[in-house]
Amino acid sequence: MVDCLTNRVGGKPVLLNYCRILVQQAVQELSTSVEESTPASTLTFNREGFVRHLETLSRIFSRLAAVQSLAAKAKASAATSDRTSENCPEPIGQPYLRPFVFTLADVNDSIFSVLSASEEPAVQRLLSQLILDYMRVLKENSLPVDTMLDELLVSSIVKAGDFCRLVHCVQSHTLTNSTHIVFQLLALESTFPPAGQLALDMLQVRSTLRFFAFVCSCLH
């Protein structure tokens with residue numbers, strides 16, 4: 001179905017709406033899990049319906065990233081090609097031009113923003129999992145990861161209180177080193193003291209002292 005919708009005019013809004021429905025159903029399954037868990041700390045994510053929705057979203061992410069990668073390659077090829085319009089009457093990137101390419105804005109509007117509006121820790125944990133999955137497929141397809149994803153990931157992890165995941169994301173370099181992420185970590189230090197060290201670890205991997213001097217000047 002995803003392949004069908006990504007290659008047909010008018011398919012884009014249908015697929016985006018399908019993603020919204022999947023997210024809403026996943027949250028509903030999650031809410032049911034929370035209500036049935038006693039105590040809440042025993043919550044697990046192995047419910048059949050919930051896992052099925054996550055797997056479906058993961059497959060959609062993979063396909064959308066693959067299409068976006070093909071579009072980027074087609075655009076680069078068209079820009080460097082010496083072929084004239086007579087030799088190539090149909091542009092090489094034509095099958096992947098909008099509305100077939102799904103951008104970060106599309107994914108954010110249909111999936112991430114739906115979840116980020118909630119203050120429930122379990123929903124924020126779900127959001128962080130989906131962001132990580134989306135970042136993974138972007139990297140697998142050699143696509144850039146927008147800094148917005150890093151910032152949204154940190155925000156969702158903090159709201160979920162999932163500090164073990166935060167430590168892992170920093171130490172595994174899943175998060176891109178940036179001033180904004182460093183400041184997010186420093187702001188968290190009073191609640192989660194190790195966040196200060198995580199911020200310093202990020203600074204240490206920077207290749208220049210200029211960045212470090214800039215952050216220090218902002219802290220004084």
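Structure report, in brief. As the structure is a computational prediction, the values presented were derived from the model and not from experiment.

1. Quick look at the overall build of the protein chain
Here is step 1: The helix and strand inventory of the protein chain stands at ten helices and zero strands.
Here is step 2: Going from the N terminus to the C terminus, the protein chain shows its helices and strands as α-α-α-α-α-α-α-α-α-α.
Here is step 3: Across the 220 residues of the protein chain, 40% fall into the buried class.
Here is step 4: Residue pairs in contact within the protein chain that sit at least 24 positions apart in sequence constitute 66% of those at least 6 positions apart.
Here is step 5: Accessible area of the protein chain: about 12,100 Å², with a carbon and sulfur share of 55%.

2. Remarks on the pattern of salt bridges
Here is step 1: Applying the stated criterion across every chain, the model contains four salt bridges.
Here is step 2: Measuring nitrogen to oxygen at the nearest pair gives 3.0 Å for the salt bridge that ties lysine 12 to aspartate 106. Placement of lysine 12 in helix H2 (residues 11-36) and of aspartate 106 in helix H4 (residues 104-116) is noted, with a sequence separation of 94 residues between them. An identical accessibility class is assigned to lysine 12 and aspartate 106; each is buried.

3. Considerations on the packing of helix H6 (residues 147-160) against helix H7 (residues 163-171)
Here is step 1: Taken N-terminus to C-terminus, the directions of H6 and H7 make an angle of 150°; their axes are 8 Å apart at the nearest point. Classified by the angle between their axes, H6 and H7 sit roughly antiparallel to one another. Of the residues in H7, those touching H6 at Leu153, Val154 and Ile157 are Arg165, Leu166 and Cys169.
Here is step 2: In terms of residue class, the contact of H6 with H7 is built from five nonpolar, no polar and one charged.

4. Here we look at the packing of helix H8 (residues 179-188) against helix H9 (residues 194-204)
Here is step 1: For the pair H8 and H9, the least separation of the axes is 7 Å and the interaxial angle reads 160°. As summarised for this structure, H8 and H9 are arranged roughly antiparallel, according to the angle between their axes. Read as a crossing pair, H8 and H9 show a hand that is left-handed. Residue-level inspection shows Ile181, Val182, Leu185, Leu186 and Leu188 of H8 in contact with H9, the latter providing Ala195, Gly196, Leu198, Ala199, Met202 and Leu203.

5. Observations concerning the nonpolar core
One broad rule of soluble globular proteins: the nonpolar side chains tend to lie buried together.
Here is step 1: Residues Ile111, Phe112, Tyr134 and Leu149 are the most contacted members of the largest nonpolar core, which totals 53 residues.
Here is step 2: Of the residues forming this core, the biggest block, eleven residues, is contributed by helix H5 (residues 121-140).
Here is step 3: Summarising the domain contributions, this core has at least three residues from each of domain 1 (1-33 + 48-71 + 103-161) and domain 2 (177-219).
Here is step 4: Excluding its chain neighbours within four sequence positions, the residues that come into contact with phenylalanine 112 are Phe61, Val107, Leu127, Leu130, Ile131, Tyr134, Leu149 and Leu152.

6. Regarding the side chain of asparagine 108
Here is step 1: If you trace the backbone, asparagine 108 turns up in helix H4.
Here is step 2: Under the relative-accessibility criterion, asparagine 108 is labelled buried at 17%.
Here is step 3: Once residues lying within four places of it in the same chain are set aside, the contact partners of asparagine 108 are Ser113, Met148 and Leu152.

7. Some remarks on the packing of aromatic side chains
Here is step 1: In the structure shown here, the tally under the stated rule is four aromatic pairs.
Here is step 2: Relative to phenylalanine 192, the ring of phenylalanine 163 has its centre 4.4 Å away and its plane inclined at 5°; by these criteria the two rings are stacked. In this pair, phenylalanine 163 is assigned in helix H7 and phenylalanine 192 in the loop between H8 and H9, connecting sequence segments 29 residues apart.
Here is step 3: Residue phenylalanine 192 is classed as buried on the basis of its relative accessible area, which comes to 15%.
Here is step 4: Here a set of aromatic residues connected by ring pairs shows up, and it is made of Phe61, Phe112 and Tyr134.
Here is step 5: Of note, lysine 12 hangs over the ring of phenylalanine 102, and the distance from its end group to the ring centre comes to 5.6 Å.

Scoring rules and cut-offs
- Residues numbered from 1 in each chain as written.
- Predicted model: local features only at pLDDT ≥ 70, side-chain atom pairs only at ≥ 80, totals over all residues.
- Heavy atoms only, no water.
- Helix = DSSP H or I, 4+ residues; strand = E, 2+ residues; numbered from the N terminus.
- Buried < 20%, exposed > 50% of the residue type's maximum accessible area, 1.4 Å probe, protein only.
- Contact = heavy atoms within 4.5 Å.
- Areas by Shrake-Rupley, 256 points an atom, 1.4 Å probe, with all protein chains shown as cover.
- Salt bridge = Lys/Arg side-chain N within 4 Å of Asp/Glu carboxyl O.
- Axes fitted to C-alpha atoms, helices over the stretch in contact; angles between N-to-C directions.
- Parallel < 35°, antiparallel > 145°, perpendicular 65-115°, else oblique.
- Nonpolar A, V, L, I, M, F, W, Y, C, P; charged D, E, K, R; others polar.
- Left-handed = near helix turned anticlockwise from the far one by under 90°.
- Core = buried A, V, L, I, M, F, W, Y, C linked by side-chain atoms within 4.5 Å.
- Domains from an automatic or database assignment.
- Phe/Tyr/Trp six-rings, centres within 6.5 Å; stacked < 30°, edge-to-face > 60°.
- Lys NZ or Arg CZ within 6 Å of the ring centre and 35° of its normal.

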